[in-house]
Amino acid sequence: QVQLVESGGGLVQPGGSLRLSCAASGFTFSAYSMSWYRQAPGKERELVAVIARSGGNTNYADSVKGRFTISRDNAKSTVYLQMNSLKPEDTAVYYCKVTKIWDYWGQGTQVTVSS
């Protein structure tokens, strides 16, 4: 069955960096676009970044453009989110998602940006 396992979250100071990973299994990873979402306390889940199957096309939320980079390694069935210049408003649980007939989500990884 489809499994998505996020890792790499943690506590970081404003201006710092983190790299999130999402290890996928149970489906042909290279055949699907992948995305990262986040959900802050009291807010709706929002799309952060999307990457096409080959990794050639990416899209970002305006709030993270120029600071976050999504990438993928199809040989490792893993999608990444490099987050630089982190701000307190980036604090959220980050999830990866794949849509394969319906949506599959990972369990999420907490990112806290605070001094």
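Worth saying up front: this structure is predicted, and the values here are computed from it rather than measured.

Each helix and strand counted, the protein has zero helices and 11 strands in total. When the helices and strands of the protein are read in sequence order from the N terminus, they spell out β-β-β-β-β-β-β-β-β-β-β. For the protein, the C-alpha radius of gyration of 13 Å lies close to 13 Å, the compact-globule estimate for 115 residues. Summarising its shape, the C-alpha atoms of the protein cover approximately 40 × 25 × 20 Å along the three principal directions. In the protein, the share of contacts with a sequence separation of at least 24, taken over all contacts with a separation of at least 6, comes to 51%. Total accessible area computed for the protein in this model is approximately 6,100 Å², and 46% of it derives from carbon and sulfur atoms.

With that out of the way, let us pick up the nonpolar core. In terms of nonpolar packing, the biggest core is built from 29 residues, with W36, V79, L81, M83 and Y94 touching the most fellow members. Elements with a minimum of two residues in this core: β3 (18–25), β4 (34–39), β5 (46–51), β7 (68–73), β8 (78–83), β9 (92–100) and β11 (109–113). Setting aside residues no more than four positions away along its own chain, M83 makes contact with G16, S17, L18, L20, R67, F68, Y94 and V111.

Here the focus is unusual backbone geometry. Phi at S77 takes a positive value of approximately 55°, unusual for a residue other than glycine. Assignment of secondary structure puts S77 in the loop between β7 and β8. Here the phi dihedral of S85 falls at roughly 50°; this positive angle occurs in a residue that is not glycine. Here S85 lies in the loop between β8 and β9. Owing to a relative accessible area of 41%, S85 belongs among the partly exposed residues under this scheme.

Our next topic: the pairing of β8. In terms of burial, β8 is largely enclosed, as five of its six residues are buried. Across six bridges, the pairing between β3 and β8 is antiparallel. From the neighbouring strand, S21 faces β8, where its bridge partner is Y80. Both β7 and β8 contribute to a ladder of six bridges, which runs antiparallel. What sits directly across from D73, in β8, is T78. Taking the residues between adjacent antiparallel strands as the criterion, β7 and β8 are bridged by four residues, where S77 takes a positive phi near 55°.

What follows concerns the packing of aromatic side chains. In the structure shown here, the tally under the stated rule is five aromatic pairs. Judged by centre distance (6.3 Å) and plane angle (50°), the ring pair of F27 and F29 falls under tilted. Taking the relative accessible area as the measure of exposure, F27 reaches 13% and is therefore buried. Consider the rings of F27 and Y32, whose centres lie 5.8 Å apart with planes at 75°: the pair is edge-to-face. The class for Y32 is partly exposed, based on a relative accessible area of 23%. Clustering of aromatic rings is evident, with ring pairs tying together F27, F29 and Y32. If you follow R19 out to its NZ or CZ, it ends over the ring of Y80, 3.9 Å from the centre.

Scoring rules and cut-offs
- Residues numbered from 1 in each chain as written.
- Predicted model: local features only at pLDDT ≥ 70, side-chain atom pairs only at ≥ 80, totals over all residues.
- Heavy atoms only, no water.
- Helix = DSSP H or I, 4+ residues; strand = E, 2+ residues; numbered from the N terminus.
- Rg over C-alpha atoms; globule rule 2.2 N^0.38 Å.
- Contact = heavy atoms within 4.5 Å.
- Areas by Shrake-Rupley, 256 points an atom, 1.4 Å probe, with all protein chains shown as cover.
- Core = buried A, V, L, I, M, F, W, Y, C linked by side-chain atoms within 4.5 Å.
- Buried < 20%, exposed > 50% of the residue type's maximum accessible area, 1.4 Å probe, protein only.
- Pairing = 2+ DSSP bridges.
- Phe/Tyr/Trp six-rings, centres within 6.5 Å; stacked < 30°, edge-to-face > 60°.
- Lys NZ or Arg CZ within 6 Å of the ring centre and 35° of its normal.

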